[in-house]
Amino acid sequence: MTDSRSPAIWALIPAAGVGRRMGAGRPKQFLMLGAHTVLAHTLGIFLEHPAIQGVVLVLGPEVDPDAVELPMAGGRLFRVAGGAERADSVRNGLDFLAARCDAADWVLVHDAARPCLPREDLDHLIATLRHDPLGGLLAAPSTDTMKLADAAGRVEQTLDRARVWRALTPQMFRLQALRSALAAAAEAGMPITDEASAMEWHGQRPRLIEGSPMNIKITRPEDLETARLYLTMQNRLRNPI
Ligand code: CTP
Ligand code: MG
């Protein structure tokens, strides 16, 4: 699916979680933000981006795909079934791509629960990494002083704030390299909560690309209000998708 000069860029959106911490009547990616669901806002960012070849959407088994509001996709949206943990869902999406794409193609893994990703951050991530051998992730430098706790809940150490970052998504890696790293981590029983940690565990050093703190992961009920505010600030709350 690619020409020989530049690898294609794919988006992979894990959306198979149940949203336990949100505690709503349905998974948080199906809650409304203005005129659209959280998931539709997230998908819209990637589907309207000219550099993205296609979007793999990973959905939970209990979801009726016909009941999901999906933006106009023009054949660029592919649905895959999710797994027990986020990393399993991502691996299912990567398996789907591996059967169709080149090993060196890029995959941008982005949480369905992060609908406020600014377009500029996506552009910046792609432009910075597309000639990088490994890849990397959006991240936000820490503004607070960070403490490392001991088992008793006391401060063991104050970390150097200048070196502490919060990992965001998208995380952008080569298809086959990411697939191997996640498989090796799963084989070793490593708990993996983001793609970069699998790459690190495989001995690599992903690049940190500074992104906006607006790119929150909707996790608890109060985050919905914050997401509404951030989408309004980006003029995206009521946009047609
Ligand atoms: N996710 C997934 N498959 C899973 C678990 C999570 O695709 N088995 C997705 C979620 O849908 C979400 C992203 O991974 O878009 C980040 O996960 P998280 O914020 O933890 O979402 P949930 O697991 O749904 O929430 P909670 O942990 O509160 O249950
Ligand atoms: Mg979770």
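Look up: the structure comes first, before these words.
Residues numbered from 1 in each chain as written. Chains lettered and ligands numbered in written order. Predicted model: local features only at pLDDT ≥ 70, side-chain atom pairs only at ≥ 80, totals over all residues. Heavy atoms only, no water.

**Student:** Please give an account of the packing of aromatic side chains that cites residues and values.
**Tutor:** By the definition in use, this model includes one aromatic pair. Taking the centre distance of 5.5 Å and the plane angle of 40° together, the rings of F78 and F96 count as tilted. Here the residue F78 occupies a position in strand β5 (residues 77–81), and F96 occupies one in helix α2 (residues 86–98), the gap between them amounting to 18 residues. Over the ring of F96 we find R100, and its NZ or CZ is 3.7 Å from the ring centre. (Phe/Tyr/Trp six-rings, centres within 6.5 Å; stacked < 30°, edge-to-face > 60°. Helix = DSSP H or I, 4+ residues; strand = E, 2+ residues; numbered from the N terminus. Lys NZ or Arg CZ within 6 Å of the ring centre and 35° of its normal.)

**Student:** Describe the side chain of D194, listing the residues and the values that go with them.
**Tutor:** Considering the arrangement of structural elements, one finds D194 in the loop between α4 (175–187) and α5 (195–201). At 6.7 Å, R86 is the nearest oppositely charged side chain to D194, a buried residue that forms no salt bridge. At a separation of 2.9 Å, a polar atom in the side chain of D194 contacts the side chain of Q171. When residues no more than four places from it in sequence are discounted, the contact partners of D194 are R86, A167 and Q171. (Buried < 20%, exposed > 50% of the residue type's maximum accessible area, 1.4 Å probe, protein only. Lys, Arg positive; Asp, Glu negative; His and termini not counted. Salt bridge = Lys/Arg side-chain N within 4 Å of Asp/Glu carboxyl O. Polar contact = N/O pair within 3.5 Å; in protein donor to acceptor, adjacent residues only side chain to side chain. Contact = heavy atoms within 4.5 Å.)

**Student:** Give a detailed account of unusual backbone geometry, specifying residues and quantitative values.
**Tutor:** Of note, the bond from T169 into P170 is cis; its omega dihedral lies within 30 degrees of zero at 10°. Structurally, P170 can be placed in strand β10 (residues 165–174). The backbone of N235 shows a phi angle near 60°, a positive value even though the residue is not glycine. Relative to the helices and strands, N235 resides in the segment after α6 (221–233). Judged by relative accessible area, N235 falls into the exposed class, the value being 64%.

These figures capture arrangement, not role.
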